[in-house]
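# Chains, contacts and geometry: an overview
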There are 2 protein chains.
Amino acid sequence: MKAVIALGGNAIVGKDRRASIEEQFSATKKSMKGIVKMIKEGWQLVITHGNGPQVGAILLQQKIARNIVSPMPLHVCVSLTQGQIGYMIQNCLINELKREGIKKGVATVITQVIVSKHDKAFKKPTKPIGPVYSEEEAKEMMKSYTMGKYGNGYRILAPSPEPISIVESEAIKNLIEAGIIAIAAGGGGIPVIEENGVLRGIDAVIDKDLAAEKLASQIKADILLILSDVDYVYLNYGKKGQEEIREISADELLEYQKEGHFPAGSMGPKVEAAIRFVRNGGKETIITSIEKAWDAIKGKTGTHVHK
Amino acid sequence: MKAVIALGGNAIVGKDRRASIEEQFSATKKSMKGIVKMIKEGWQLVITHGNGPQVGAILLQQKIARNIVSPMPLHVCVSLTQGQIGYMIQNCLINELKREGIKKGVATVITQVIVSKHDKAFKKPTKPIGPVYSEEEAKEMMKSYTMGKYGNGYRILAPSPEPISIVESEAIKNLIEAGIIAIAAGGGGIPVIEENGVLRGIDAVIDKDLAAEKLASQIKADILLILSDVDYVYLNYGKKGQEEIREISADELLEYQKEGHFPAGSMGPKVEAAIRFVRNGGKETIITSIEKAWDAIKGKTGTHVHK
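Predicted model only: the values in this text are computed from it and were never measured.

## Focus on unusual backbone geometry
Even without being glycine, Ala-185 of chain A reaches a positive phi, approximately 55 degrees. Its relative accessible area of 1% is what places Ala-185 of chain A among the buried residues. We note that Asn-236 of chain B has phi near 50 degrees; this positive angle belongs to a residue other than glycine. Among the structural elements, Asn-236 of chain B can be located in the loop between strand E13 (233-235) and strand E14 (243-245). In this structure Asn-236 of chain B comes out as partly exposed when scored by relative accessible area, which is 26%.

What follows is the structure, encoded as structure tokens:
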């Protein structure tokens, strides 16, 4: 069985968004438990992950040092975080596997994801990322980024286009078929557009769960496992009549989505990814918390989405 | 035929160590020409690379932003540059291959390299890296790094231990045997020590040419191709009686090395890597400039080292 696992931000940094590198390693290590059990059972795995806190720290450093070192474009910042987080997951996972006496390779593949330059997201960047800038700082930053009003200051607004294709999917497929655990498409992947046959990095942030779905469909995974902070997808989340969803069809889930049960900033894209995956031929999408990953794989908990 | 190519810093940034990202992409693109010709001929390739200017920029940003964002340990900084430079090479190479109508995958593998915690380099860090710090700044930095006097200021001094083993060599081997071009062990690899069976990142900088040799031997490459700024290894370089070496045995080269022909900071480690590779079973090490790579492969130029 083949699965793509999408790790949420907390899986790597814990609850504190300004976690030190030691805390990040320790949170990552903890998150490997369920994954190690899957590997023991013989699953072929690709792990994807978010990069919010890490890209935020890099953008903040770049902001402060901007007069001395030119800030990097956003697509390059994503590549930096893929290196860092890939290393952390790779290191923690190899160590946990060794502890269990399992000899398995783990490898991070730097991943580009093609988006369309005609994606309507580029007309209206909506995703605020990184630190808050003063008006003066923002003026300067506007040379490199789209900036948007944010309270009394400004933040970088990134377009969030649809992932169309994972450039390195063949390499990723090769690795997992050779029995190696792959880490890929971190932070939603490095966004590139195709112009006259040339791939060119572009400033955008692709939703990590939608990128994970694209990758899962492209490598023909059986399961897409989306791990976040909550054990289930809920109807009326945080409201009266809150109710967990255990087993649901893509059509039903879509109905609930249309009714506005899943906010755009949190559960929305996960639900969207879940629906897409089973419609694209995947067997099942499971949405649960990192702590419940293993129980959810065994069918004991979590939201299970079928076609 | 299987080769490991070690790209020098200039191959990625050009002559200006403070090159903008556009200049870095443009320098990288240029450096792909000879490599594309090798791929056309059917070579299985792993590309390794330096990271001096990029890690320098990251350390400088961390220095300036240190009161707001905690500086990262050196091993994490290496992982960041592997992501960035891997992306640049991968992107440029895919585009150059497409231009030539060649459909080939390219993938960067984040790479850890095991070093010994008993390596004598840890007793006496010698490799200055990153920016110059004032005495006050240096005092603060000493909490995280070993600092050494440098002119009127201080610089981070990194130990430069021997590479013992490439952790991800199986993944890299799998990729190239599947016809995918791999980029790996960037910046000499992320240095890790093994303690009670656990791999743990450690602050050090592994020489990139020695790491490339270790990788080449481990995956049983035929050729180690070390590309830098000069067309040949020279005797009496820059002095009276300067003479290029075209064809030489490892034993002879070792003699010249003992005579002090190759300075520790530049040609020394390349020559050392060249000797080790053919002694470890490699067919040939070639040392030449990035511009002459293809001609050197064809035997027309460059220094060729045999057993």
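There's more to say after this.
## Details of the relation of the copies chain B and chain A
Relative to chain A, chain B is turned by 180 degrees and slid 0.0 Å along the rotation axis, the superposed coordinates differing by an RMSD of 0.0 Å. The superposition operator between the copies reduces to a two-fold rotation axis. The fraction of interface residues of chain B whose copies in chain A are also interface residues reaches 98%, indicating that both copies meet through the same surface.

## With respect to helix H2 (residues 21-31) of chain B
Within H2 of chain B, burial applies to Ile-21, Gln-24, Phe-25, Ala-27, Thr-28 and Ser-31 of chain B. An end-on view of H2 of chain B places all buried positions within 165 degrees of arc, on one side of the element. Within H2 of chain B, the exposed residues directed more than 90 degrees away from the buried face are Glu-22 and Lys-30 of chain B. Contact partners of the buried residues in H2 of chain B: helix H4 (74-99) of chain A together with helix H1 (10-13), helix H3 (33-40), helix H4 (52-64) and helix H5 (74-99) of chain B.

## Notes on the pattern of salt bridges
Counting across every chain of the model gives 37 salt bridges over all chains. Close ionic contact of Lys-33 of chain B with Glu-96 of chain B constitutes a salt bridge, the shortest N to O distance being 3.8 Å. On the criterion of sequence distance, the pair formed by Lys-33 of chain B in helix H3 and Glu-96 of chain B in helix H5 is long-range, its members being 63 residues apart. Its relative accessible area of 7% is what places Glu-96 of chain B among the buried residues. A salt bridge links Lys-40 of chain B to Glu-100 of chain B, with the nearest nitrogen and oxygen atoms 2.6 Å apart. Of this pair, Lys-40 of chain B sits in helix H3 while Glu-100 of chain B sits in the loop between H5 and strand E3 (106-109), placing them 60 residues apart in sequence. Take Lys-40 of chain B: its relative accessible area is 52%, and that puts it in the exposed class. You can call Glu-100 of chain B partly exposed: its relative accessible area is 41%. Sharing partners across several salt bridges, the network here consists of Lys-33, Glu-96 and Arg-99 of chain A.

## Remarks on the packing of aromatic side chains
This structure, assessed with the given rule, holds six aromatic pairs over all chains. A centroid spacing of 5.6 Å and a plane angle of 80 degrees characterise the contact between Phe-25 of chain B and Tyr-87 of chain B, whose relative ring orientation is edge-to-face. Linking Phe-25 of chain B in helix H2 with Tyr-87 of chain B in helix H5, this pair joins segments that are 62 residues apart in sequence. Clustering of aromatic rings is evident, with ring pairs tying together Tyr-232, Tyr-234 and Tyr-237 of chain A. One cation-aromatic arrangement involves Arg-155 of chain B over Tyr-150 of chain B; the distance from NZ or CZ to the ring centre is 4.7 Å.

## Digging into the state of the cysteines
Per the counting criterion, the structure on display carries zero disulfides over all chains. Cys-92 of chain A takes part in no disulfide bond, and the closest cysteine sulfur, belonging to Cys-77 of chain B, lies 17 Å away. Note on Cys-92 of chain A: relative accessible area 5%, which makes it buried. Free of any disulfide, Cys-77 of chain B has its nearest cysteine sulfur in Cys-77 of chain A, 14 Å distant. Given a relative accessible area of 0%, Cys-77 of chain B falls into the buried group.

The rules we used
Residues numbered from 1 in each chain as written. Chains lettered and ligands numbered in written order. Predicted model: local features only at pLDDT ≥ 70, side-chain atom pairs only at ≥ 80, totals over all residues. Heavy atoms only, no water. Buried < 20%, exposed > 50% of the residue type's maximum accessible area, 1.4 Å probe, protein only. Helix = DSSP H or I, 4+ residues; strand = E, 2+ residues; numbered from the N terminus. Least-squares fit on C-alpha atoms with pLDDT ≥ 70 in both. Contact = heavy atoms within 4.5 Å. Arc of directions from axis to C-beta. Salt bridge = Lys/Arg side-chain N within 4 Å of Asp/Glu carboxyl O. Phe/Tyr/Trp six-rings, centres within 6.5 Å; stacked < 30°, edge-to-face > 60°. Lys NZ or Arg CZ within 6 Å of the ring centre and 35° of its normal. Disulfide = S-S within 2.5 Å.

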